[in-house]
Amino acid sequence: MSIMRVRWGPQHPVSGQWAFWLDVDGDIVVNMEPDIGYTHRGIEKVAENRTYIQNVPVIERTSVFDAGNIVFGYVQAVEELMGIEIPERAKYIRTIVGEMSRIVSHLYGLGLLAIAVGFETMLMWFINDRELFLDLFEMLTGARITYSFFIPGGVLHDLPQGFYDEAMRRLDYFERRLKDYWKMFFLNRTFITRTRGVGVLKREDAIRLGVVGPNLRASGVEADVRKDEPYAAYDQIDFIIPTEKEGDAYARGGVRFHELEQSVSIIRQALQKIPDGKIRVKVPITPTPPKGEAYSRVETARGEIGYYIISDGSDRPYRVKISAPSFRNLLAMPFLSRNVPMADIPTIYLSLDLIPLDAVSYTHLRAH
């Protein structure tokens, strides 16, 4: 055996903003070591030097592909510190935004998975259909990518006039498109060949490694914070948690596809059930929660994210600790990359839907 070390990345569209050291024997990868420090920003430390409100756009930018969900847990933890219960209407609006964000994120992730197997047509389909929801975000928040829409106490704006009809029209169209996705992508012989049996993550290994989100559910574990510990309006809405048993790259893509279907249903129900009333409660411009601590977790597009905040009674958090889903899912990457052809590495990597910013932006320790 003659082992050679190869550096893979960092560059787009191969590995994104991180690199992998591959130990290869011929074209077989025998070991992988992630090098994840390229986008480290020290967000946890930054958050301790800004007010609670100023932290909203800072945290949101660690995962701009899922901005609606990534800041969800932070705002809820601040509200717990302050003893705030937000209005019911705000809960429904947050649910709508969270699911639109999940759709936008999953379409991006599936598009990258399509690129991994050389299916550029599907990338164009997914990217184009993201515009359906980016337009809705612009209509609701005034922005298309990051919104700073969730604030302690509720949301910034109510649903604008005409939003219900426009959203329903776009959901109807998107639901028809999902049928095309299935026939064009998931029934495609090349995609099946390149993903079936590739990067198999067994149920027991997924649990042992601490994998979360669609990657965990693709290994047969029905775990989702929206069901296990409901927040916002999720306890008022009927939906299922898609799972697969195979745990391979195809299953991980399939779970995300079926989650698109569920997100469409959740948004529809939320729009139909949303009550009248206020969209936020009054909160000082510079909140000063009492001394204490709070923990909140939510289900982002990539899985569970947890926020632990300690307040010392000032207008800035004493400590912000973030458990990010992409960092937790990254632990599966070296495990799945042993004794596999080098050509399978892009498929395995992009089927995990990892975001480097999400994984390494937070604490000063994770970059080393």
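Residues numbered from 1 in each chain as written. Predicted model: local features only at pLDDT ≥ 70, side-chain atom pairs only at ≥ 80, totals over all residues. Heavy atoms only, no water.

K.L.:
Mind showing me how you'd approach the pairing of strand β2 (residues 19-25) here?
P.N.:
Along a regular strand, successive side chains alternate from one face of the sheet to the other. By the criterion of burial, β2 is predominantly enclosed, with 5 of the 7 residues buried. As paired elements, strand β1 (residues 4-8) and β2 share 5 bridges and run antiparallel to each other. Bridge assignment links W8 to a residue of β2, and that residue is F20. Note that β2 and strand β3 (residues 28-35) share 7 bridges and pair antiparallel. Its bridge partner lying in β3, W21 is registered against E33. The hairpin formed by β2 and β3 contains 2 residues between the paired strands, and G26 there has a positive phi angle of roughly 70 degrees. (Buried < 20%, exposed > 50% of the residue type's maximum accessible area, 1.4 Å probe, protein only. Helix = DSSP H or I, 4+ residues; strand = E, 2+ residues; numbered from the N terminus. Pairing = 2+ DSSP bridges.)

K.L.:
Sorry if this is basic, but what is going on with the nonpolar core here?
P.N.:
In summary, soluble globular proteins display a tendency toward joint burial of nonpolar side chains. Ranked by internal contacts, the top residues of the largest apolar core, which has 76 residues, are Y74, F133, F174 and L271. If one sorts the elements of this core by residue count, helix α5 (residues 88-116) sits on top with 11 residues. (Core = buried A, V, L, I, M, F, W, Y, C linked by side-chain atoms within 4.5 Å.)

K.L.:
Help me understand the environment of R280, please; the structure alone is not making it clear to me.
P.N.:
With respect to the element layout, R280 can be found in the loop between α12 (249-273) and β6 (292-300). Separated by 127 residues in the primary sequence, R280 and G153 place their C-alpha atoms 5.1 Å from one another. The contacts of R280, once residues within four sequence positions are left out, are P87, I151, G153, G154, V155, L156 and H157. Engagement of the side chain of R280 in a polar contact is seen with the backbone oxygen of V155, the distance being 3.2 Å. Of note is the side chain of R280, whose polar atom sits 2.8 Å from the backbone oxygen of L156. (Contact = heavy atoms within 4.5 Å. Polar contact = N/O pair within 3.5 Å; in protein donor to acceptor, adjacent residues only side chain to side chain.)

K.L.:
Explain α5 here, please?
P.N.:
Turn by turn, an α-helix covers 3.6 residues, leaving residues three or four places apart pointing in a common direction. Taking 1.5 Å of rise per residue, the 29 residues of α5 would be expected to cover 42 Å, and the 42 Å separating its terminal C-alpha atoms lies within 8% of that figure. One or two steps after α5, the chain reaches G118, where phi turns positive at roughly 80 degrees. (Expected span 1.5 Å × (residues − 1).)

K.L.:
Which parts of the structure should I look at to understand the packing of helix α6 (residues 120-141) against helix α7 (residues 163-186)?
P.N.:
Running from N to C, α6 and α7 cross one another at 165 degrees; their axes reach a closest spacing of 11 Å. As far as their axial angle goes, α7 and α6 are roughly antiparallel. The crossing of α6 and α7 is left-handed. Where α6 approaches α7, its residues T121, M122, W125, F126, D129, E131, L132, F133, D135, L136, M139 and L140 are matched on the opposing element by F163, E166, A167, R170, L171, Y173, F174, R177, D180, Y181, M184 and F185. Split into classes, the residues belonging to the contact of α6 with α7 amount to 16 nonpolar, 1 polar and 7 charged. (Axes fitted to C-alpha atoms, helices over the stretch in contact; angles between N-to-C directions. Parallel < 35°, antiparallel > 145°, perpendicular 65-115°, else oblique. Left-handed = near helix turned anticlockwise from the far one by under 90°. Nonpolar A, V, L, I, M, F, W, Y, C, P; charged D, E, K, R; others polar.)

K.L.:
Can you walk me through the sheet that holds β6 in this structure?
P.N.:
Strand-to-strand pairing in sheets goes through backbone hydrogen bonds, with the strands running parallel or antiparallel. Pairing within the open sheet is antiparallel, and its 3 strands lie in the order β6-β7-β8. The sheet terminates laterally at β6 and β8 (319-323), the two strands that pair on one side only. Strand after strand, the sheet turns through a mean of 15 degrees between neighbouring axes, direction not considered. Direction of pairing for β6 relative to strand β7 (residues 303-311): antiparallel, over a ladder of 9 bridges. Bridged to Y295 within β7 is Y308. Relative to the sheet, helix α4 (residues 72-82) contacts β6 and β7, its axis offset from that of β6 by approximately 150 degrees.

K.L.:
I keep staring at the sheet that holds β3 and nothing clicks. Help me out?
P.N.:
Strands sit in the order β1-β2-β3-β9 across an open sheet of 4 strands; the sheet is antiparallel. The sheet terminates laterally at β1 and β9 (340-341), the two strands that pair on one side only. Two strands pair when backbone bridges link them, and β3 and β9 are joined in this way by 2 bridges, in the antiparallel orientation. Note that in β9 the partner of I28 across the bridge is P341.

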